[in-house]
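Fold and geometry: a report
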Amino acid sequence: MKRLMDLFLTFFRIGGLTFGGGYAMLPMIQKEIVENKKWATEDEIIDYYAVGQCTPGVIAVNTATFIGFKIQGIWGAVSATLGVVAPSIIIITAIAALLSNFAEVEIVQHIFGGIRVAVVALIFASIIKIWKSSVKNLFGIILAVSSFLLGAFLSISPIYIVVAAGIIGIIREVVGGNKS
């Protein structure tokens, strides 16, 4: 029971202190889960991000569910998932009640403008951290750049890109071995 509460509170804190959506939560999830709690390794967290991106829903919620399941099975998954979504439900309900009255106020617009810039910076920091631990050779660079270009400029679904990258990785391993 103590571990379930720890999962809930850890993800509640992540969900409550991170603004900007699922991707903005990734740096905090990595810091809490890998560095502080040591519930997952750097490689495991990247795998959770990849699978979380391919499955329906918000990546941070999916990642919390995977981590909770790893730590404490089905009840861990439920606890972590509830923990990460509860702050959003509380905050969104409060904002929805108030925002319609204040959305056009200039200071509120500036606040949201500042938050958006900070969120972009947090996502970029997460990309750099994931890049450093995942892209280790020319093959990885080519695959990463190709995936970015396909997603950013051709609007190909991330699911197709991740599945294709997985297949390419399997083919590379079968045909030529993993030459890191």
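Scroll up to find the structure this text is about.
Please read all numbers here as calculations on a predicted model, not as lab measurements.

1. Thoughts on the environment of Gly76
- Within the element layout of this structure, Gly76 appears in helix 4 (residues 59–102).
- The class of Gly76 is buried, set by a relative accessible area of 0%.
- The spatial distance from the C-alpha of Gly76 to the C-alpha of Leu4 is 5.8 Å, given a sequence separation of 72 residues.
- Beyond its immediate chain neighbours, meaning those up to four positions away, Gly76 contacts Leu4, Leu7, Gly68 and Phe69.

2. Considerations on the packing of helix 3 (residues 42–54) against helix 4
- Where helix 3 meets helix 4, the closest approach of the two axes is 8 Å, and the angle between their N-to-C directions is 130 degrees. Here helix 3 lies oblique to helix 4, going by the angle between them. Where helix 3 crosses over helix 4, the two elements pack in a sense that is right-handed. Contact residues: helix 3 offers Glu44, Ile45, Tyr48, Tyr49, Val51, Gly52 and Gln53, while helix 4 offers Ile59, Asn62, Thr63, Phe66, Ile67 and Lys70.
- Considering only residue class, the contact of helix 3 with helix 4 consists of 7 nonpolar, 4 polar and 2 charged.

What counts and what doesn't
- Residues numbered from 1 in each chain as written.
- Predicted model: local features only at pLDDT ≥ 70, side-chain atom pairs only at ≥ 80, totals over all residues.
- Heavy atoms only, no water.
- Helix = DSSP H or I, 4+ residues; strand = E, 2+ residues; numbered from the N terminus.
- Buried < 20%, exposed > 50% of the residue type's maximum accessible area, 1.4 Å probe, protein only.
- Contact = heavy atoms within 4.5 Å.
- Axes fitted to C-alpha atoms, helices over the stretch in contact; angles between N-to-C directions.
- Parallel < 35°, antiparallel > 145°, perpendicular 65-115°, else oblique.
- Left-handed = near helix turned anticlockwise from the far one by under 90°.
- Nonpolar A, V, L, I, M, F, W, Y, C, P; charged D, E, K, R; others polar.

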